[in-house]
Amino acid sequence: MNCTCFFCRFPREIQGVICRCLTYLEIHNLMAVSKCWHERKRHSTCVLGWGCNDHFQLTDRSTPHYRNPIFLNNFNTLDDIEVTRIVCRDHTLALTAQGDIFAWGDNRFSRCGFLRFQTRVGQPSRMEAPWTITDTDEDENAFMTPCQITKLAAGESRSLLLSSTGQVYALGLNHHGQLGDGTQDPRRTPVPVAEPLASKRVVKITCGWLFSLALTEEGEVYAWGNNKRGTLGNGTRMGSSVPIRVGGPLLTERVTRIKCLHKHCLALTENGHVYAWGSNHRGQCAAPRGTGLDQLAPYRVPLPEPVERLAAGAFFSLALTRGHEVYMWGDASEGQDASERHTEKRPDPFRIPLGFNPVRIYAGWTFALAAAQDGSVQVWGRRKELAKGKPFRTPTQMVRLYGGLEAWRIAVGTHHVLVYEREREP
């Protein structure tokens, strides 16, 4: 039986044939994907994923891991659903062109906005009242004016939403003040983050372990939540249930990007400098005080050229320079340094030897991805969740996305990867 490869449109037979686009992945699942592609709703978005599925990250399927890309056909059951943005951790948030938010995956602490006893959500489901924000200052039954959400962030115990007016909303676990509403009460519906951030226009949001970060249009970075590892960047270990401004050199630098995943933070300034703070026990902040000591204030990472993009893994960091070079520092025990020589950690920036010019970089818990403009995606690091065998000690091409990055977006969770179409022209 002949079919066309979903990624490169190259004709192949299903029986035992490996597509020329793929190195380690079997092709038969992609053939089924290709068939679904032609039968799907005209205005629905195609979403694929592979990796860990223990919390239904890839919807409610019986297999705990998928090492081949599968089609998240649940989106095919929704009429005229066009996804414009996806973010994921152990749960996934998807924003549609119609202004709805769909969530699925790990729902512990109601991070997906559903009842707490529903610990896993296997179907993409609309968040409860995502546009009607409870006014907790007055009557519990009063609601704020509906708002339009433009950006999302998924954390280990919560979710953040960013409106078109620059207001941040949060829901989920809050025992360390990580929702930033001035309390430690958990929230099943989104609540606005408190002052001083409430009066500023926020342009980017991201979630760490038990803390959150926000970047304003003025280039200021604010943080709130747990500060045991210095992740609030104010030189202390005292946490805060309301946003406080990250200090040190970032008080005088204009920041354009922020990243965090676990217990350390990264910031990129407009002149290409990278700053790191938080936990440094594997060298993920590249701080001169040495590994094992927390960096309580932002420290400038010594990189040889200006940086364009950042990515943060659990215990390692990545930077993509303007010259298309990728550098990493921090934990290298699972091959995060893409070196055949086994090294436990890299406290200083180390160049990753890629065979192409990447334009995007991504990081999961212990693995990393780099993507070229033509859609070639290379992976390195821990391999257990993504493919069979030992860690990828050298960058390995997993897929090539047909149409390149102009047609596709990539979202990386803790232990899985999602690929989805960019919004199409009307």
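Since the structure is predicted, the reported quantities are computational estimates derived from the model, not experimental observations.

1. Regarding the overall build of the protein chain
Working step 1: For the protein chain, the count of helices and strands is 1 helix and 30 strands.
Working step 2: Here the contacts in the protein chain between residues at least 6 apart in sequence split such that 51% fall between residues at least 24 apart.
Working step 3: Counting only carbon and sulfur atoms, one obtains 46% of the accessible surface of the protein chain, whose full area is about 16900 Å².

2. Topic: the nonpolar core
As a rule of thumb, nonpolar side chains are buried together in soluble globular proteins.
Working step 1: Within the largest apolar cluster, 37 residues are counted, with the highest numbers of intra-cluster contacts made by Leu318, Val326, Trp380, Ile410 and Val417.
Working step 2: Looking at this core, the element that brings in the most residues is strand 26 (residues 367–371), giving 5 residues.
Working step 3: Core analysis: the second largest hydrophobic core is formed by 31 residues, Val87, Ala94, Phe114 and Leu418 among them.

3. Observations concerning the sheet that holds strand 17 (residues 255–260)
Working step 1: Spatially, the 4 strands line up as an open sheet ordered 17-18-19-20, and their pairing is antiparallel. Looking at which strands have only one partner, the edges of the open sheet turn out to be strand 17 and strand 20 (295–300). The average angle at which neighbouring strand axes cross in this sheet is 15 degrees, direction not considered.
Working step 2: Pairing of strand 17 with strand 18 (residues 264–269) involves 5 bridges; the strand directions are antiparallel. By the bridge assignment for strand 18, Lys259 is matched with Leu266.

4. What to know about the side chain of Thr206
Working step 1: Relative to the helices and strands, Thr206 is located in strand 13 (residues 202–207).
Working step 2: Not counting residues within four places of it along the chain, the set of residues in contact with Thr206 comprises Ala153, Leu160, Ser212, Leu213, Ile258, Lys259 and Cys260.

5. Describing the sheet that holds strand 10 (residues 158–163)
Working step 1: Pairing within the open sheet is antiparallel, and its 4 strands lie in the order 9-10-11-12. Strand pairing shows two members of the sheet lacking a second neighbour, strand 9 (149–154) and strand 12 (187–192), which therefore form its edges. When strand polarity is set aside, the average angle formed by the axes of neighbouring strands in this sheet is 20 degrees.
Working step 2: Judged from the 3 bridges that link them, strand 11 (residues 168–172) and strand 12 form a sheet pairing that is antiparallel. Across the sheet, residue Ala170 finds its bridge partner in strand 12, namely Val191.

6. Brief notes about the layout of surface pockets
Rolled over the atoms, a probe as big as a water molecule pinpoints where empty space is left.
Working step 1: Estimates place the volume of the largest pocket at around 1100 Å³.
Working step 2: Surrounding the largest pocket, 36 residues form its lining, Arg85, Val87, Lys259, Tyr362 and Ile410 being those nearest its centre.
Working step 3: Of all the elements, strand 29 (residues 408–412) adds the most residues to the lining of the largest pocket, at 5 residues.
Working step 4: For the lining of the largest pocket, the class distribution of residues is 23 nonpolar, 3 polar and 10 charged.

7. Examining unusual backbone geometry
Working step 1: Residues Glu195 and Pro196 are joined by a peptide bond in cis, for which omega reads 5 degrees.
Working step 2: Relative to the helices and strands, Pro196 resides in the loop between strand 12 and strand 13.
Working step 3: Of note, the phi angle at Ala338 is positive, near 55 degrees, even though the residue is not glycine.
Working step 4: As for its position among the elements, Ala338 is in the loop between strand 23 (326–331) and strand 24 (345–352).

8. Observations regarding the pairing of strand 13
Working step 1: The pairing of strand 13 with strand 14 (residues 211–216) spans 5 bridges and is antiparallel. Bridging from a neighbouring strand, Val202 pairs with Thr216 of strand 14.
Working step 2: Linking two consecutive strands that pair antiparallel, namely strand 13 and strand 14, is a turn of 3 residues.

9. As for the confidence of the model for the protein chain
Working step 1: For the protein chain, the average pLDDT comes to 82, and 79% of its residues sit at 70 or higher.
Working step 2: pLDDT under 50 marks residues 1–42. Its contacts with residues more than four places away, or in other chains, come to 99 contacts.

10. Structural notes on the packing of aromatic side chains
Working step 1: Enumeration over the complete set of coordinates arrives at 1 aromatic pair.
Working step 2: Between Phe315 and Trp365, the ring centres sit 6.0 Å apart and the planes meet at 80 degrees, which makes this aromatic pair edge-to-face. Note that Phe315 is positioned in the loop between strand 21 (307–312) and strand 22 (316–321) and Trp365 in the loop between strand 25 (360–363) and strand 26, a separation of 50 residues in sequence.
Working step 3: When the ring centre of Phe56 is taken as reference, the NZ or CZ atom of Arg120 above it lies at 4.0 Å.
Working step 4: Lying across the ring of Phe350, Arg346 places its NZ or CZ 3.8 Å from the centre.

11. What about the environment of Gly323?
Working step 1: Assignment of secondary structure puts Gly323 in the loop between strand 22 and strand 23.
Working step 2: Considered as a pair, Gly323 and Asn357 are 34 residues apart in the sequence and their alpha carbons are 8.5 Å apart.

Reading the values: rules and limits
- Residues numbered from 1 in each chain as written.
- Predicted model: local features only at pLDDT ≥ 70, side-chain atom pairs only at ≥ 80, totals over all residues.
- Heavy atoms only, no water.
- Helix = DSSP H or I, 4+ residues; strand = E, 2+ residues; numbered from the N terminus.
- Contact = heavy atoms within 4.5 Å.
- Areas by Shrake-Rupley, 256 points an atom, 1.4 Å probe, with all protein chains shown as cover.
- Core = buried A, V, L, I, M, F, W, Y, C linked by side-chain atoms within 4.5 Å.
- Buried < 20%, exposed > 50% of the residue type's maximum accessible area, 1.4 Å probe, protein only.
- Pairing = 2+ DSSP bridges.
- Axes fitted to C-alpha atoms, helices over the stretch in contact; angles between N-to-C directions.
- 1 Å grid on protein atoms, 1.4 Å probe; cavity = no way out; pocket = protein on both sides within 12 Å on 5 of 7 lines; lining within 4 Å.
- Points joined across faces, edges and corners; volume = space filled by probe spheres on them.
- Nonpolar A, V, L, I, M, F, W, Y, C, P; charged D, E, K, R; others polar.
- pLDDT = per-residue confidence, 0-100.
- Phe/Tyr/Trp six-rings, centres within 6.5 Å; stacked < 30°, edge-to-face > 60°.
- Lys NZ or Arg CZ within 6 Å of the ring centre and 35° of its normal.

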